[in-house]
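Given next are the chains, with one letter for each unit.
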Amino acid sequence: MSGGAAALFTAVAAVPAGAAEGGVSFTRVQVNGGKPIVIGVSKEVAVPASFRMATTHKWKWPAVFLYRGKADDRLWHAIETSDCITVSSGVCDFKETMYFDPSEWDMYNSEAGAWKVAAEVHFQGGGGDTDDEGLTAYVKRNSRLFVNASPEPVSKGKTITVTGKVTRANWETRKYVSYAGRLVSLQFKPTGSASYTTVKKVYANGSGNLRTTVKASKTGTWRWAYYGNTTTGPSTSSGDNVVVK
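What you see is a predicted model; the values in this text were computed from it and never measured. (Residues numbered from 1 in each chain as written. Predicted model: local features only at pLDDT ≥ 70, side-chain atom pairs only at ≥ 80, totals over all residues. Heavy atoms only, no water.)

Observations regarding the environment of Gly 164
Point 1. Tracing the chain through its elements places Gly 164 in strand E12 (residues 159-170).
Point 2. Through-space distance from the C-alpha of Gly 164 to that of Leu 210 is 4.8 Å; in sequence the pair is 46 residues apart.
Point 3. In contact with Gly 164, not counting residues within four places along its chain, are Phe 146, Val 147, Gly 208, Asn 209, Leu 210 and Trp 224. (Helix = DSSP H or I, 4+ residues; strand = E, 2+ residues; numbered from the N terminus. Contact = heavy atoms within 4.5 Å.)

Laid out in structure tokens, this is it:
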């Protein structure tokens with residue numbers, strides 16, 4: 001839910017660029033280790049963040065957050081920030097966790113994609129500082145893949161048909177829905193091997209269904225892999241083992 005459900009913080013102003021705008025500087029800002037934040041439909045996602053703050057002001061409630069447009073257009077459901085981990089006089093490191101829970105709070109599919117990162121602190125007695133950190137965090141809808149390879153077993157040289165389906169989270173309905181037109185990789189791992197190799201790439205049809213054929217050459221496991229995009233996270237299916245006689 002944009003704006004946040006646990007109203008610990010309110011916008012100070014439109015987010016200015018640069019540090020030390022109000023007698024405060026924020027450095028070493030990280031959100032989820034630079035990785036996308038991928039959210040499904042039913043489980044809370046806890047996203048780690050960290051930052052360093054330097055100020056001579058007496059402060060309360062420092063945090064980093066995601067925003068679009070102005071500082072009051074935010075995305076989070078709850079935020080927890082650690083106590084000051086003292087670095088030196090007036091300088092603190094903080095650990096933070098942002099929580100997103102689509103099963104409890106409204107999320108909109110339009111919220112998938114790029115968000116800016118800002119840092120904020122409120123001062124004791126009023127006022128505060130909010131700075132754009134020049135970072136981008138991607139919030140993505142989770143995807144899922146399913147696979148079936150048949151017949152099982154199969155004679156060497158015969159045709160194996162591999163089917164499947166690609167879906168992604170619809171935050172508004174809290175269900176997984178077909179994800180049409182995706183380019184998905186069919187991968188194979190021979191028995192005894194530790195890794196998969198891409199055999200071919202297949203587009204999902206209008207219902208998100210996948211279907212292709214391959215020649216049976218050796219016993220092993222087949223799976224589908226989707227690498228995601230700016231609004232949707234990557235996923236791999238479970239593996240389906242086919243014995244070749």
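Concerning the sheet that holds strand E4 (residues 59-67)
Point 1. Strand order in this open sheet of five strands is E2-E10-E9-E4-E5, and the pairing throughout is mixed. Because the sheet does not close on itself, it has two edges, and the strands there are strand E2 (37-39) and strand E5 (74-75).
Point 2. Across two bridges, E4 lies against E5 in antiparallel orientation. Among the inter-strand pairings, Tyr 67 is bridged to a residue of E5, identified as Arg 74. (Pairing = 2+ DSSP bridges.)

Re the side chain of Thr 212
Point 1. Tracing the backbone shows Thr 212 in strand E16 (residues 209-215).
Point 2. Using a relative accessible area of 11% as the deciding quantity, one classes Thr 212 as buried.
Point 3. At 3.0 Å, the side chain of Thr 212 forms a polar contact with the side chain of Lys 200. (Buried < 20%, exposed > 50% of the residue type's maximum accessible area, 1.4 Å probe, protein only. Polar contact = N/O pair within 3.5 Å; in protein donor to acceptor, adjacent residues only side chain to side chain.)

With respect to the packing of aromatic side chains
Point 1. If you walk through the whole model with that rule in mind, you get six aromatic pairs.
Point 2. Between Trp 59 and Phe 94 the ring centres are 5.4 Å apart and the planes differ by 85 degrees, which places this aromatic pair in the edge-to-face class. Of the two residues, Trp 59 is situated in strand E4 and Phe 94 in strand E8 (residues 91-100); the sequence distance between them amounts to 35 residues.
Point 3. Look at Trp 59 and you get partly exposed, because its relative accessible area is 24%.
Point 4. Residue classification places Phe 94 among the buried residues on the basis of a relative accessible area of 1%. (Phe/Tyr/Trp six-rings, centres within 6.5 Å; stacked < 30°, edge-to-face > 60°.)

Structural notes on the state of the cysteines
Point 1. By the definition in use, this model includes one disulfide.
Point 2. Here Cys 84 connects covalently by a disulfide to Cys 92, the sulfurs 2.0 Å from one another. Between Cys 84 and Cys 92 the disulfide shows an S-S torsion of about -85 degrees. By sign, it is left-handed.
Point 3. Classification of Cys 92 by relative accessible area gives buried; the value is 8%. (Disulfide = S-S within 2.5 Å.)

Everything listed is a geometric property; what it means functionally is a separate question.
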